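Spelled out from the first residue to the last, the chains are:
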Amino acid sequence: MKKKNNGFKLGMIALFLGLTIYYLFPTIQLNLEQRHMNGMTESERIQYQSENAAKLVSLREKSLSLGLDLQGGMYVTLEVGTPQLVLELAGDFSDDYLEDVLNTAREISREQGTDFVDEFVAEFERRDSEALLSRYYRSDSANITRRSTNEEISTYLKDQRTAAVERAIEIIRSRVDRFGVTEPSILQQGESRIVVELPGVDDEQRVRDLLRGTARLEFRLTPEADEIRNVKQQVASYFSNMAEEDTLSSDTEVDSLSSDSEVDSLSSEDDEVTNLLEVFDLRGTNDYSFGYAAEMDTAAVNRILQTEEVQNLIPRNMTLLWGAEPFTQDNGIGLFEMIAVRSQIELTGDVISEASVAFDPATNVPEVSMTMDSEGGRRWARITGANIGRPVAIVLDGRVYSYPTVQSQINNGRSSISGMGGLQESEDLVNILMSGALPAPLDIIEERTVGASLGEESISAGLYSVIFGLVIVAMFMIVYYRTGGGIADIALILNIIFILGILAGFQATLTLPGIAGIVLTIGMAVDANVLIFDRIREEMRGGKTLRAAIDNGYANAMSAIIDANVTTFFVAIILYSFGVGPVKGFAVTLMAGIVASLFSAIVITRVIVDYLTREKTAVVSFG
């Protein structure tokens, strides 16, 4: 019976060890490939990667993944813009009163850390307890009508937020997959936040643009050239008069001052630009250009144009938008053009069925070629046919990429976006367009970047900590438990190998907190052997033979070992379920370590002890 049990245990050990080697083999292969490529020149490495691309991709997918803290990368926490989403859901029913309620609710929610939708409904009812939100919201699919209660609309808004977060996660995952990141992690956190981990990524700005780009593609007509010219003349006249008044007022105040110190005080009181003509050239580059400004002055221009006096000069059906890229350079400073477009959106990016990078045959400059679906193609033909000789602005996320003049009716549903910053930007835009538009804006509320060199330092520090802990524990076990300690050390080494195999088999990610979990597991693994060996020593002191003491020692210690490890395993499950980031990484390794340590302490050490005591005269010291 004993041989049969040991035969089964040996089979289990062989199976477990075989699976571990099978799952760790791709990791070993990948490390050997990377060392081989590190010894090549850059051209040789590029050629080798191209020839063996499929093999290398397969090895990366199957190998043990390292977290951001070990290989470098970006950690980004995004938050869905719930206030903007709630405002957009109101559609044409929205007004200034609703926006004021939303702004107040946003501030309260931010200060108190409460749910925005709850604060929005509470603020709306606080201002007028009899008012109904149904005056702003309608939805046939959600059965929201004019008779719906505020509670029903609150539930509706929360459901829409949940749907927006889920849709945003799908779109972000699609964009990241097209970006080519290996083993990304995209998880929802709370009601409206999304945590994105991108290992191996170091281009921070490109990732920000990729994640936040709402991909709101719009086709807008431009106003008539005469209309734009008239508005520019009114704006120029307004600010010219302002400059004359400011000059007269300044001269009067300076004359009335009694000392030089008072003059200096006046000149330094307020340096904020208030006259548009100081930072903005209204001449423009063509009849449809409203003007241009240096890159550092665009914020000041936006601020001045948003004042009530200037807004009264601009027709309600005209919108001023910046160009996506500077149209020229002035002493190394980019000049951005502002284009006048109609407020009405003629066509959106929802009709785009295909997008790809193409090159202008005349200039060989990259651009994005787009194909519309059948409905979009019909509408595009109607729009272009009715506006021959007029520009159509192609707007993406509030920036004008181009505004080509329609030469003839376009019947094939094709269009293109030029004015790109380069091939990389064109590829990213294709990625965003094909992934779809985000249902609501995303704000980056937390961002961390780990450099590759710091990741290598973390790996070295973690490896040294594991080796140091292993050596200290191994020496203690040998000194205190003699032969039994040596047996426990063998099981301990196999235990660490098993942990890595489990992580690789379940495609888990090894993080720096995970390495801490391995170090903790080293102590927990020998703890089981300490219980067993102390029980054996007690039995031997009671006068029992070595074989009987071993049998009773393992049997009597089993309940304490199982209880301790099972309760710890449940704690690890709770940490994994409710934790994020480092906590989850620690929990994964801890669970793998508990399984491996139980197997090592109960099965492997018993097989070795049974083998050493197979003869009745055998002597094994347990300290």
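Residues numbered from 1 in each chain as written. Predicted model: local features only at pLDDT ≥ 70, side-chain atom pairs only at ≥ 80, totals over all residues. Heavy atoms only, no water.

Colleague: Just give me the short version of the overall build of the protein chain, but keep the residues and values in it.
Modeller: Helix and strand counts for the protein chain stand at 20 helices and 17 strands. Looking at the protein chain residue by residue over its 623 residues, the buried ones come to 43%. In the protein chain, the proportion of contacts linking residues at least 24 apart, taken out of those at least 6 apart, comes to 70%. Accessible surface, the protein chain: about 32,900 Å² in total, of which carbon and sulfur atoms supply 53%. (Helix = DSSP H or I, 4+ residues; strand = E, 2+ residues; numbered from the N terminus. Buried < 20%, exposed > 50% of the residue type's maximum accessible area, 1.4 Å probe, protein only. Contact = heavy atoms within 4.5 Å. Areas by Shrake-Rupley, 256 points an atom, 1.4 Å probe, with all protein chains shown as cover.)

Colleague: How would you sum up the packing of helix H5 (residues 82-90) against helix H7 (residues 116-127)? Please name residues and give values.
Modeller: Direction vectors running N to C along H5 and H7 enclose 55°, while the axes themselves pass 10 Å from each other. One element, H5, and the other, H7, form an angle in the oblique class. In terms of crossing hand, the pair formed by H5 and H7 is right-handed. Residue-level inspection shows Thr82, Pro83 and Val86 of H5 in contact with H7, the latter providing Phe116, Val117 and Phe120. Counted by class, the contact of H5 with H7 contains 5 nonpolar, 1 polar and no charged residues. (Axes fitted to C-alpha atoms, helices over the stretch in contact; angles between N-to-C directions. Parallel < 35°, antiparallel > 145°, perpendicular 65-115°, else oblique. Left-handed = near helix turned anticlockwise from the far one by under 90°. Nonpolar A, V, L, I, M, F, W, Y, C, P; charged D, E, K, R; others polar.)

Colleague: An account of the pairing of strand E3 (residues 185-189) is needed here, citing residue identities and associated values.
Modeller: Bridge count for E3 against strand E4 (residues 193-199) is 5 bridges, and the pairing is antiparallel. Paired with glutamine 189 across the two strands is arginine 193, which belongs to E4. Hairpin connection, E3 to E4: the antiparallel pair is bridged by 3 residues, and glycine 190 has positive phi, about 70°. (Pairing = 2+ DSSP bridges.)

Colleague: Residue-level account of the nonpolar core, with values.
Modeller: Ranked by internal contacts, the top residues of the largest apolar core, which has 55 residues, are Leu503, Phe533, Ile536 and Phe622. Those elements giving two or more residues to this core turn out to be helix H1 (2-38), helix H16 (452-481), helix H17 (483-505), helix H18 (512-541), helix H19 (546-578) and helix H20 (582-612). It is H20 that provides the largest number of residues to this core, a total of 14 residues. (Core = buried A, V, L, I, M, F, W, Y, C linked by side-chain atoms within 4.5 Å.)

Colleague: Tell me about the packing of H17 against H18, and name the residues and values.
Modeller: Relative to each other, H17 and H18 sit at 145°, their axes nearing to 10 Å. Note on packing geometry: the crossing formed by H17 with H18 is right-handed. Across the interface between the two elements, Gly484, Gly485, Ala488, Leu492, Asn495, Ile496, Ile499 and Leu500 of H17 pack against Ile518, Thr521, Ile522, Ala525, Val526, Asn529 and Phe533 of H18. Residues belonging to the contact of H17 with H18 are distributed by class as follows: 10 nonpolar, 5 polar and no charged.

Colleague: Any chance you could break down the packing of aromatic side chains for me, citing the residues and the numbers?
Modeller: The tally for this structure, following the rule as stated, stands at 15 aromatic pairs. Ring plane angle 55° and centroid distance 5.5 Å describe the contact between tyrosine 481 and phenylalanine 533, whose orientation is recorded as tilted. Of the two residues, tyrosine 481 sits in helix H16 while phenylalanine 533 sits in helix H18, which places them 52 residues apart along the sequence. Accessibility expressed as a relative area gives 2% for tyrosine 481, which makes it buried. The buried category is assigned to phenylalanine 533, whose relative accessible area is 0%. (Phe/Tyr/Trp six-rings, centres within 6.5 Å; stacked < 30°, edge-to-face > 60°.)

Colleague: Describe a nonpolar patch on the surface, naming the residues involved and giving the relevant values.
Modeller: Together, Phe8, Met12, Leu15, Leu19, Tyr22 and Tyr23 give the surface a local cluster of nonpolar side chains, amounting to about 640 Å² of exposed area. Along the polypeptide, tyrosine 22 turns up in helix H1. Residue classification places tyrosine 22 among the exposed positions, given a relative accessible area of 59%. (Patch = residues over 30% accessible without salt bridge, like charges linked within 9 Å, V, L, I, M, F, W, Y side chains within 5 Å. Salt bridge = Lys/Arg side-chain N within 4 Å of Asp/Glu carboxyl O.)

Colleague: Tell me what's going on with H7, and back it up with residues and numbers.
Modeller: Compared with an ideal rise of 1.5 Å per residue, which puts 12 residues at 16 Å, H7 spans 17 Å between its outermost C-alpha atoms and is within 8% of the ideal. Of all the residues in H7, the buried ones are Phe116, Val117, Glu119, Phe120, Val121, Glu123 and Phe124. One side-chain oxygen of the residue at the start of H7 lies 3.1 Å from the amide nitrogen of valine 117, identifying that residue as aspartate 115. (Expected span 1.5 Å × (residues − 1). Polar contact = N/O pair within 3.5 Å; in protein donor to acceptor, adjacent residues only side chain to side chain.)

Colleague: So what's going on with the side chain of threonine 77? Which residues, and what values?
Modeller: Note on placement: threonine 77 falls in strand E2 (residues 73-80). Non-local contacts of threonine 77, meaning those with residues more than four positions away in its chain, are made with Gln189, Arg193, Ile194, Val195, Asp443, Ile444, Ile445 and Glu446.

Colleague: Could you give an account of the pattern of salt bridges, naming the residues involved and the relevant values?
Modeller: Scanning all chains against the criterion turns up 23 salt bridges. In this structure, lysine 158 engages aspartate 118 in a salt bridge whose closest nitrogen and oxygen atoms are separated by 2.8 Å. Note that lysine 158 is positioned in helix H8 (residues 150-179) and aspartate 118 in helix H7, a separation of 40 residues in sequence. Among the residues examined, lysine 158 registers a relative accessible area of 26% and is labelled partly exposed. Taking the shortest distance from any N to any O, the salt bridge between glutamate 375 and arginine 378 comes out at 2.8 Å. Linking glutamate 375 with arginine 378, this pair stays in helix H14 (residues 374-386), spanning 3 residues, or about one helical turn. The exposure class of glutamate 375 is partly exposed, given its relative accessible area of 38%. Several salt bridges converge on common partners, so that one network encompasses Asp100, Glu123, Arg126 and Arg127.

Colleague: Describe the sheet that holds strand E5 (residues 217-221), and please don't skip the residues or the numbers.
Modeller: In space, the 4 strands of this open sheet follow the order E10-E5-E13-E14, with antiparallel pairing throughout. What marks the edges here is a single partner per strand, and that holds for strand E10 (347-348) and strand E14 (399-402). Across 5 bridges, the pairing between E5 and strand E13 (residues 392-396) is antiparallel. Looking at the pairing, leucine 221 lines up with valine 392 of E13.

Colleague: Run through the sheet that holds strand E15 (residues 414-417), naming residues and quoting values.
Modeller: One open sheet holds the 3 strands; their spatial order is E11-E12-E15, and the pairing between them is antiparallel. Of all the strands in the sheet, just strand E11 (352-359) and E15 have a single pairing partner and so form its edges. Going from strand to strand, the sheet's axes swing by 25° on average, the running direction of each strand aside. Bridge analysis of E11 against strand E12 (residues 366-372) gives 7 bridges, and the strand direction is antiparallel.

Colleague: Before we move on, could you go through the confidence of the model for the protein chain and cite the residues and values that matter?
Modeller: On average, residues of the protein chain score 82 in pLDDT, and 90% of them reach the 70 mark or higher. Across the protein chain, strand E7 (residues 318-322) holds the top mean pLDDT of 93, while helix H11 (residues 260-268) sits lowest at 45. Predicted confidence is poor over residues 257-270, with pLDDT under 50, and the contacts of this stretch with residues over four places away or in other chains come to 6 contacts. (pLDDT = per-residue confidence, 0-100.)

Colleague: Summarise the environment of threonine 617; cite the residues concerned and give the values.
Modeller: On the secondary structure map, threonine 617 appears in the segment after H20. Overall, threonine 617 belongs to the exposed group, its relative accessible area being 70%.

Colleague: A description of the pairing of E14 should follow, citing residues and the corresponding values.
Modeller: Bridge count between E13 and E14: 3 bridges; the pairing is antiparallel. Each residue of the ladder has a partner; that of isoleucine 394, found in E14, is serine 402. If you look at the hairpin formed by E13 and E14, you'll find 2 residues sitting between the two strands, and aspartate 397 has a positive phi there, around 55°.

Colleague: Got a sec to walk through unusual backbone geometry? Specific residues and values, please.
Modeller: Of note, asparagine 143 is a non-glycine position whose phi angle comes to about 60°, a positive value. By secondary structure assignment, the location of asparagine 143 is in the loop between H7 and H8. The backbone of asparagine 331 shows a phi angle near 55°, a positive value even though the residue is not glycine. Mapped onto the elements of the fold, asparagine 331 is located in the loop between strand E8 (328-330) and strand E9 (333-342).

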